[in-house]
Amino acid sequence: EDAVKRIVRYLIGTRDKGLYFGTDSSLNLEAYADADFAGLWGVEEPNDATCVKSRTGYLIRLGGCPLVWKSKLQTLIAVSIMEAEYIALSMCMRELLPLKRLLKEIDNVFKFDLEGALAKLTVFEDNALAVQLATMPKMKPRSKHIALHYHFFREHIARGEVDVKHV
């Protein structure tokens, strides 16, 4: 009941807010993922396990307008910068792929002509090794320590649905 009241207050208070899509902008869906490896190390209590966790940040845009953005501590402790970046890439994909399905459903109803924009998503990642690990056809033994639940998006890359680029 309190949650519903909060949502209604939010909607009333943000009636004049929205996303602006210019007439010349294409409705491409793109994402940017990044990680801060062990970002709190040495800043806070050294014996606290959360101090060695990395932080994930990502931004998902449609037609240049931000739709989703998040900054969150990773649940696993990454042992390398590449692993932290790969986890950030995976967390971004967990948000991006359902958003693509939702936009396809909306397009089927309202006919926004998004089919071309949703044919191939682009994700930008600043770590070349994380991009290499995401796009290689077979896993290497040196990367088997990364939890399997972070590898789920590789099949979408292999099918050509998502393109991961180094920036």
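Cut-offs applied
- Residues numbered from 1 in each chain as written.
- Predicted model: local features only at pLDDT ≥ 70, side-chain atom pairs only at ≥ 80, totals over all residues.
- Heavy atoms only, no water.
- Helix = DSSP H or I, 4+ residues; strand = E, 2+ residues; numbered from the N terminus.
- Buried < 20%, exposed > 50% of the residue type's maximum accessible area, 1.4 Å probe, protein only.
- Contact = heavy atoms within 4.5 Å.
- Pairing = 2+ DSSP bridges.
- Salt bridge = Lys/Arg side-chain N within 4 Å of Asp/Glu carboxyl O.
- Arc of directions from axis to C-beta.
- Polar contact = N/O pair within 3.5 Å; in protein donor to acceptor, adjacent residues only side chain to side chain.

Some details on the environment of L97
Logical step 1: Inspection of the secondary structure assignment puts L97 in helix α2 (residues 81–110).
Logical step 2: Taking relative accessible area as the criterion, L97 reaches 6% and is therefore assigned buried.
Logical step 3: Separated by 24 residues in sequence, L97 and L121 have C-alpha atoms that sit 9.0 Å apart.
Logical step 4: Excluding residues that lie within four positions of it along the chain, L97 makes contacts with L121, F152, H156 and V162.

Some words on the pairing of strand β2 (residues 55–62)
Logical step 1: Alternating positions in β2 separate cleanly, T56, Y58, I60 and L62 being buried on one face and R55, G57, L59 and R61 remaining unburied on the opposite face.
Logical step 2: With eight bridges joining them, strand β1 (residues 29–36) and β2 adopt antiparallel strand pairing. Considered in β2, the bridge of A35 is made with T56.
Logical step 3: Sheet topology note: the β2/strand β3 (residues 65–73) ladder contains eight bridges and is antiparallel. Its bridge partner lying in β3, I60 is registered against V68.
Logical step 4: Counting the residues that bridge the hairpin from β2 to β3 gives two residues, and of these G63 lies at a positive phi of roughly 60°.

With respect to the pattern of salt bridges
Logical step 1: Following the criterion strictly, the structure yields five salt bridges and no others.
Logical step 2: Residue E30 pairs with R61 through a salt bridge whose shortest N-O separation is 2.6 Å. Here E30, found in strand β1, pairs with R61, found in strand β2; they are 31 residues apart in sequence, far enough to count as distant.
Logical step 3: Residues joined by salt bridges that share partners form a network here, namely E155, R159 and E161.

Structural notes on helix α4 (residues 128–135)
Logical step 1: Those residues of α4 lying buried are A130, V131, L133 and A134. Across the axial projection of α4, the buried residues extend over an arc of 165°, all falling on one side.
Logical step 2: Check the buried side of α4 and you find it contacts α2, β4 (121–125), α5 (154–158) and β5 (162–166).
Logical step 3: Where α4 begins, one side-chain oxygen reaches toward the backbone nitrogen of L129, 3.1 Å away; that side chain belongs to N127.

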